[in-house]
Amino acid sequence: MTEGVNDNRVSADARIVLTNKEAARKLGVSHRTLEDWRLTNRGPRFVKLGRLVRYRLSDLHDFMDRNSFMSTAQAVAA
């Protein structure tokens, strides 16, 4: 039953899109850092809507999950 609740959260997060500044604030980095990550292919997935760049909230969560570690040694190995 909790899986269904989690699925609802994920699908709701996938519909929420943030601007570059909003996404940067959510990640705790500057909007310039987020732009640099985008240009160097190191940041979270993003969506292009014409000339606009947007970030799905679910993609920010995925990015944070992929960059979560239990120790410094584990992070260095990644």
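Located above this text is the structure these notes cover.
Each residue is numbered by its place in its chain's sequence as written, counting from 1. For a predicted model such as this one, the threshold for reporting local features is a pLDDT of at least 70, and the threshold for listing and counting side-chain atom pairs is 80 or more; totals across whole chains, interfaces and linings nevertheless cover every residue. As a convention, hydrogens and water are excluded, and side-chain values are obtained from all of the structure's heavy atoms.

Colleague: Explain the nonpolar core here, please?
Modeller: Most often, soluble globular proteins have nonpolar side chains that are buried together. One finds Leu18, Ala23, Ala24, Leu27, Leu34, Val53, Tyr55, Leu57, Leu60 and Phe63 forming the largest nonpolar core, which totals ten residues. Each helix is a run of H or I in the DSSP string that is no shorter than four residues. Each strand is a run of E no shorter than two, and both are numbered from the N terminus. At the level of elements, helix 2 (20-27), strand 3 (52-56) and helix 4 (57-66) are the ones that each hand at least two residues to this core. Residues contacting leucine 57, with those up to four places away along its chain left out, are Asp13, Ile16, Leu18 and Lys26. Nonpolar core, defined: a set of buried Ala, Val, Leu, Ile, Met, Phe, Trp, Tyr and Cys residues in which side-chain atoms within 4.5 Å join the residues together. We call a residue buried when its accessible area falls under 20% of the maximum for its residue type, exposed when it is over 50%, and partly exposed in between, using a 1.4 Å probe and counting protein chains only. The criterion used for residue contact is that any of the two residues' heavy atoms lie within 4.5 Å.

Colleague: Hey, could you run me through the sheet that holds strand 2 (residues 47-49) in this one?
Modeller: Strand pairing in a sheet is mediated by backbone hydrogen bonds. Such pairs are either parallel or antiparallel. Within the open sheet, the three strands sit side by side as 1-3-2. Their pairing is antiparallel. Strands with a single pairing partner mark the edges of an open sheet, and in this sheet they are strand 1 (17-18) and strand 2. Note on pairing: two strands pair once DSSP finds at least 2 bridges between them. Direction of pairing for strand 1 relative to strand 3: antiparallel, over a ladder of two bridges. By the bridge assignment, leucine 18 is partnered in strand 3 with tyrosine 55. Fitting a line to C-alpha atoms yields each axis, with helices limited to the stretch in contact; the angle taken between N-to-C directions then spans 0 to 180 degrees. Helix-sheet contacts for helix 4 involve strand 1 and strand 3, and the interaxial angle to strand 3 is about 65°.

Colleague: Is there a simple way to explain the packing of helix 2 against helix 3 (residues 31-39) in this structure?
Modeller: Any two packed helices are characterised by the angle at which their axes cross and by the distance between the axes. At a minimum axis distance of 8 Å, the contact between helix 2 and helix 3 shows a crossing angle of 100°. When the axis of helix 2 is compared with that of helix 3, the two are roughly perpendicular. Contacts between helix 2 and helix 3 involve Asn20, Lys21, Ala23, Ala24 and Leu27 from the first element and His31, Leu34, Glu35, Trp37 and Arg38 from the second. All amino acids are sorted into three groups, where Ala, Val, Leu, Ile, Met, Phe, Trp, Tyr, Cys and Pro are nonpolar, Asp, Glu, Lys and Arg are charged, and the leftover types, Gly among them, are polar. Across the contact of helix 2 with helix 3, the residue classes tally to five nonpolar, two polar and three charged. Just so you know how the angles are binned, under 35 degrees is roughly parallel, over 145 roughly antiparallel, 65 to 115 roughly perpendicular, and the rest oblique.

Colleague: I tried to follow the packing of aromatic side chains on my own but got confused; where do I start?
Modeller: How two aromatic rings sit relative to each other is given by the distance of their centres and the angle of their planes. Side-chain rings of Phe, Tyr and Trp (the six-membered ring for Trp) are treated as a pair once their centres are within 6.5 Å; stacked means planes under 30 degrees apart, edge-to-face means over 60, and tilted covers the remaining angles. Under the criterion given, the structure shown has two aromatic pairs. Taken together, a centroid distance of 5.7 Å and an interplanar angle of 45° make the contact between tryptophan 37 and phenylalanine 63 tilted. With tryptophan 37 in helix 3 and phenylalanine 63 in helix 4, this pair connects stretches of sequence that are 26 residues apart. Overall, the relative accessible area of 10% leaves phenylalanine 63 in the buried class. Ring centres of phenylalanine 46 and tyrosine 55 lie 6.3 Å apart, and the angle between their planes is 55°; on these two criteria the pair is classed as tilted.

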